[in-house]
Amino acid sequence: MTDERPTPAGEATGREAEVLAARRASLERLGPHAFAITLADVLGVETPDRTGSVRAAHPDLDADTHTEDVVTIAGRVVLKRDMGKLVFATLRDRDGDLQLVLNAADLPAADLARFHEVDLGDIIGATGRVGTTRKGELSVFVQRWAMLTKALRPLPEKWAGLQDPDLQQRRRYLHLIGDEAPRRAFLARAAVLKTMRRVLDERGFIEFEGPMLQTVAGGANARPFTTHHHALDMPMKLRISLELYLKRMLVGGVERVFELGRNFRNEGIDRDHNPEFTMLEAYQAYGDYHTMMELSETLVRECCRAVNPIVGRAPDDLVIPVSGHTIDLARPFARITVLGSVSEAVGEPIALEHDDLQGVAARHDVPIDDAWGPGKIVQEMFEKLVEGTIVQPTFVCDFPREVSPLARPHRDNPGLTEHFDLVMAGVELVTAFSELTDPDEQRAKFELQQEMKAVLGDEVHPFDEDFLRALEHGMPPVGGLGMGIDRLLLVLLDVQSLRDLIMFPAQRPE
């Protein structure tokens, strides 16, 4: 029986079709027995040496030097110069690039001939002695090699690479092969997550995994994604926040708890918003928002130290470039208030009792809704007039009670809450509260949110009766924070958009 499925080459035209056909012809010439399943089968090692470790072990070899050190490396061929009896190839693994030298004097003729079938993008393994060429290039002088995987499609052009931002996101695997930037982003994310877990573990926090499918998606003012649970035959939502199940754990007696996980908000996409994103939320019993300020500073600084070597900075360098500014993370972070900063921005004292907040907003071109209360108007003026101007790391404190349904009323001003946002380079990185523990106050705030639904639509906090029931059993006083991992990386790596940091962001089909 013949296989009538169309081949990839059959889908292409012109030069692309020729290249794909040539790759398949090479595959046929090599035959199925040319490919090793493991390095142990053909080169006698289970795990290859990393190119980084080879470079680290031979930092200062003179030109035209040959050592007795034998290594086995494996990776993708990204450059090849075939001179007949002498072939140079560059192999790339997760650490970087290292040159291979294949000389007819060192290899059986059949092995060298077989290497002529290697195309850019193929994955191979090679064993040989470490040395340098006459030009001083650190190299592995190959004694044995093995074909591991044939690339049936070519890599992007070496020098131009994958330039189209849309294709960089759609085909991130190609972007990762050819460009350092996405590899740095991937490694930096891993370093940040590892660092956060270390810092929190050292302070006695316990990691928790809450449900992603929820009947009531609470913990934030956001529009959820909806789905259907077939086994239970009921509608469900993807979580928009980690908060409310972590607080249930506090009710259950877990006094320091955190989660690192994905949230989903069915909203817009821009520089610092993406519908799918990663959050840290951490809660400390018997703490408050001052406790969370100290924890926030520590996490940001330690994450900066973890990222620095990946981007080429000194490990302890806490003065970093962001969006054309120099951000100093070493100094204590500044502290301002919402009302104080808005007062400074508009040039007159602003309080929730101000008799013409709508007029102030109008004079400063801040659009508002007639149904908004004073707290919402003040928050909108802050976001439009102040937030984007904050460069150095700053705790913006004491948000109006109207817009903070999960925060404890301020101990000195009951119209405000003990709620801060950490902002730097115009980006909100952290939201934190002295958490609300009074179930009756929480119920009243949920009810107020429902009254605002006609004005704010889906972006109000839903009424969660089960959460209120949990609070009625008693939750200790607690400080809590939520930190956006993607936004933190946006600042620490000084990139333009969250979509440069998320390896595979959602996109419309091509």
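Since we're looking at a predicted model, the values are computed, not measured. (Residues numbered from 1 in each chain as written. Predicted model: local features only at pLDDT ≥ 70, side-chain atom pairs only at ≥ 80, totals over all residues. Heavy atoms only, no water.)

## What about the nonpolar core?
With 49 residues, the main nonpolar core has M196, L280, L329 and F420 as its most contacted residues. With nine residues, the top contributor of residues to this core is helix α10 (residues 289-311). With near-sequence residues (within four places) excluded, L280 lies in contact with M196, L200, F258, E259, L260, L299, L481, G482, M483 and I485. Membership of the second largest hydrophobic core comes to 24 residues, among which are A34, A89, L91 and V130. (Core = buried A, V, L, I, M, F, W, Y, C linked by side-chain atoms within 4.5 Å. Buried < 20%, exposed > 50% of the residue type's maximum accessible area, 1.4 Å probe, protein only. Helix = DSSP H or I, 4+ residues; strand = E, 2+ residues; numbered from the N terminus. Contact = heavy atoms within 4.5 Å.)

## Considerations on the packing of aromatic side chains
Tallied over the full model, the rule gives seven aromatic pairs. Judged by centre distance (4.9 Å) and plane angle (80°), the ring pair of F115 and W145 falls under edge-to-face. Placement of F115 in helix α5 (residues 109-115) and of W145 in strand β5 (residues 138-149) is noted, with a sequence separation of 30 residues between them. By the burial criterion, F115 is buried, and W145 matches it. With 6.5 Å between their ring centres and 45° between their planes, F446 and F467 make a pair best called tilted. You can see F446 sitting in helix α14 (residues 439-451) and its partner F467 sitting in helix α16 (residues 465-472), a full 21 residues away along the chain. (Phe/Tyr/Trp six-rings, centres within 6.5 Å; stacked < 30°, edge-to-face > 60°.)

## Remarks on the pattern of salt bridges
Taken as a whole, this structure holds 37 salt bridges when the rule is applied. In this structure, the salt-bridge partner of E16 is R153, at a minimum N-O distance of 3.5 Å. Taken together, the residues span a long stretch of sequence, with E16 in helix α2 (residues 14-30) and R153 in the loop between β5 and α6 (165-170) at a distance of 137 residues. On the basis of relative accessible area, E16 is assigned to the partly exposed category, the value being 44%. Look at R153 and you get partly exposed, because its relative accessible area is 44%. In this structure, D356 engages R363 in a salt bridge whose closest nitrogen and oxygen atoms are separated by 3.8 Å. (Salt bridge = Lys/Arg side-chain N within 4 Å of Asp/Glu carboxyl O.)

## Quick word on the sheet that holds strand β1 (residues 66-82)
In space, the five strands of this closed barrel follow the order β1-β2-β3-β5-β4, with mixed pairing throughout. With strand direction ignored, the average angle separating the axes of adjacent strands in the sheet is 50°. In terms of strand pairing, β1 meets strand β4 (residues 123-132) through eight bridges, oriented antiparallel. Bridge pairing in β4 places R76 opposite I123. (Pairing = 2+ DSSP bridges. Axes fitted to C-alpha atoms, helices over the stretch in contact; angles between N-to-C directions.)

## Quick notes on the sheet that holds strand β9 (residues 234-238)
Spatial strand order, β7-β9-β8: three strands in an open sheet with antiparallel pairing. Each having just a single partner strand, β7 (213-214) and β8 (226-229) make up the two edges of the open sheet. Pairing between β8 and β9: four bridges, direction antiparallel. When the bridges of β9 are listed, H229 appears paired with M234.

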